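# Descriptive analysis of the structure
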Amino acid sequence: MSSRSPLLDVEGMAPTLERVDEALRRSVVTDDQQLTELASHLIVAGGKRLRPAMVVAAGDLVAGKAVSGDLVMGGVSVELVHLGSLYHDDVMDEAATRHHVDSVNARWGNLRAILAGDYLLAKASEIAASLGTEIAGLLAATIARLCEGQVRELQLLFDTTRDVDQWTAAVAGKTAALYATSCRIGALVAGRPREEVEALTAFGTAYGMAFQTVDDILDVVATDEQLGKPSGKDLADGVYTLPTILALGSVEGGELHTVLGRPLEGPEVEAAKLLVKRSGAVDQSVEVARGYAEEAVTALQGVPSSPGVEGLRAAAIGLIATVDQG
Ligand code: GRG
């Protein structure tokens, strides 16, 4: 049986991810029916559950042990942080949809979306605390890293001088930190030796960088249907990600400079996407993603092979296939 996470497919992991899903749903049941509905909204809507899958893969089958309840709850804690960040992100972006359903802010308004996001983060913290002081501290620090990354991004909205280092620093916080923590929690809960904990954390960081690079590329090259949200949204909203930064710096960047620097709508977004694609920046970004994926694979050297570890290795390699044209 395969896992339901298409980007991390480990033989035999599906029942564990079902346990994660059940525990996720249970974790947000409250006496208040509306809060339960708000907090459950994106859990029910779906999602790839990639971060819990990383927890399980990084921790699984150590010394042939069955997957522990603690590993499942580790997966729940990182997914709750991810979901909480999506609730807040959708408020900031005024997003109308997420996972092909109304966003929480679109259906219930910003105030409730922020509170429900806070509630998810509080539940994540409570669960992390039940797994021990190290994991509680780690999760708290990771939430801070997400906020730092997001602030770095917001500081440079519509800034056509944003450079690759500034993009890298933002992505390390807003995306890679939670992947690193997912792998680290899996490794810690499974009681792996420290060198393996560090190696799996390094894997998560590099994987997260590759993941966001691919996400940024898809915003330029994928369709609305493929994304489940409007494509080109980063360009429209002034979030100049790696493909755009590289396109702006290319010989063909002049025209793009005249288009960007302000909010875009409809045909302007399509025109900007075309300019980025024509510049060759997409191929260059795919190479950057490939570099991070290779770094992730290299980090796993020295971690004993297991189905989970092989799943992680395959996930890093497979990620690039989603954007590789040749
Ligand atoms: C309160 C924790 C917290 C954060 C506040 C809003 C914010 C600061 C940070 C934004 C973090 C963010 C949304 C980063 C983008 C990460 C990302 C690539 C999300 C998409 O991940 P997928 O594709 O989503 O794995 P699903 O939902 O399919 O699991």
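None of these values were measured; they are calculated from a predicted model.

### Some words on the overall build of the protein
Assigned secondary structure in the protein consists of 16 helices and two strands. On the principal axes, the C-alpha backbone points of the protein span a range of 60 × 50 × 35 Å. Within the span of the protein, comprising 326 residues, buried residues form 53% of the whole. Of the roughly 14000 Å² of accessible surface on the protein, a fraction of 54% belongs to carbon and sulfur atoms. Each charge sign in the protein was given a centre, from 27 positive and 45 negative side chains, and these centres are 3 Å apart.

### Some details on the packing of aromatic side chains
One pass over the full model with this rule turns up four aromatic pairs. Taking 5.2 Å as the distance between ring centres and 50° as the angle between the ring planes, the aromatic pair formed by Tyr179 and Phe211 counts as tilted. With Tyr179 in helix α8 (residues 164-189) and Phe211 in helix α9 (residues 194-221), this pair connects stretches of sequence that are 32 residues apart. With a centroid separation of 5.9 Å and 25° between ring planes, the pair formed by Phe203 and Tyr207 is classed as stacked.

### Digging into the pattern of salt bridges
In total, this model carries 20 salt bridges according to the counting rule given. Here Glu148 and Arg145 are joined by a salt bridge, their closest N and O atoms 4.0 Å apart. With Glu148 and Arg145 both in helix α7 (residues 133-155), this residue pair falls three residues apart, about one helical turn. Of the residues examined, Arg145 reaches a relative accessible area of 36% and is grouped as partly exposed. Residue Arg184 pairs with Glu198 through a salt bridge whose shortest N-O separation is 3.2 Å.

### Comments concerning the packing of α9 against helix α14 (residues 266-278)
The interhelical angle for the contact between α9 and α14, taken along N-to-C directions, is 120°, at an axis separation of 9 Å. Classified by the angle their axes make, α9 and α14 are oblique. Judged by residue contacts, Asp219, Val220 and Val221 of α9 engage Lys273, Val276 and Lys277 from α14. Of the residues in the contact of α9 with α14, the class split is three nonpolar, no polar and three charged.

What counts as what
The residue count restarts for each chain, going from 1 along the sequence in the order it is written. The predicted origin of the model limits local features to residues at a pLDDT of at least 70 and limits the giving and counting of side-chain atom pairs to 80 or more, whereas totals for whole chains, interfaces and linings rest on all residues. Note that the side-chain values use all heavy atoms of the structure and ignore hydrogens as well as water. Starting at the N terminus, helices and strands are each numbered in turn, a helix being any DSSP run of H or I of at least four residues and a strand any DSSP run of E of at least two. Burial status follows relative accessibility: with a 1.4 Å probe on protein chains alone, a residue under 20% of its type maximum counts as buried, one over 50% as exposed, and anything between as partly exposed. Residue-level accessible areas treat just the shown protein chains as cover; the underlying method is Shrake-Rupley with a 1.4 Å probe. Positive charge is attributed to Lys and Arg, negative charge to Asp and Glu, and no charge count is given to His or to the chain ends. For this purpose, a charge sits on NZ of Lys, CZ of Arg, CG of Asp or CD of Glu. Each aromatic pair joins two rings of Phe, Tyr and Trp (for Trp, the six-membered one) with centres within 6.5 Å, and gets the label stacked for planes under 30 degrees apart, edge-to-face for over 60, and tilted for any other angle. Whenever a carboxyl oxygen of Asp or Glu lies within 4 Å of a side-chain nitrogen of Lys or Arg, that contact is scored as a salt bridge. Note on method: axes are straight lines fitted to C-alpha atoms, helices fitted across the in-contact stretch only, with angles between N-to-C directions ranging 0 to 180 degrees. Angle categories: roughly parallel below 35 degrees, roughly antiparallel above 145, roughly perpendicular from 65 to 115, and oblique for all the rest. The criterion used for residue contact is that any of the two residues' heavy atoms lie within 4.5 Å. Residues were grouped as follows: Ala, Val, Leu, Ile, Met, Phe, Trp, Tyr, Cys and Pro as nonpolar; Asp, Glu, Lys and Arg as charged; and all remaining residues, including Gly, as polar.

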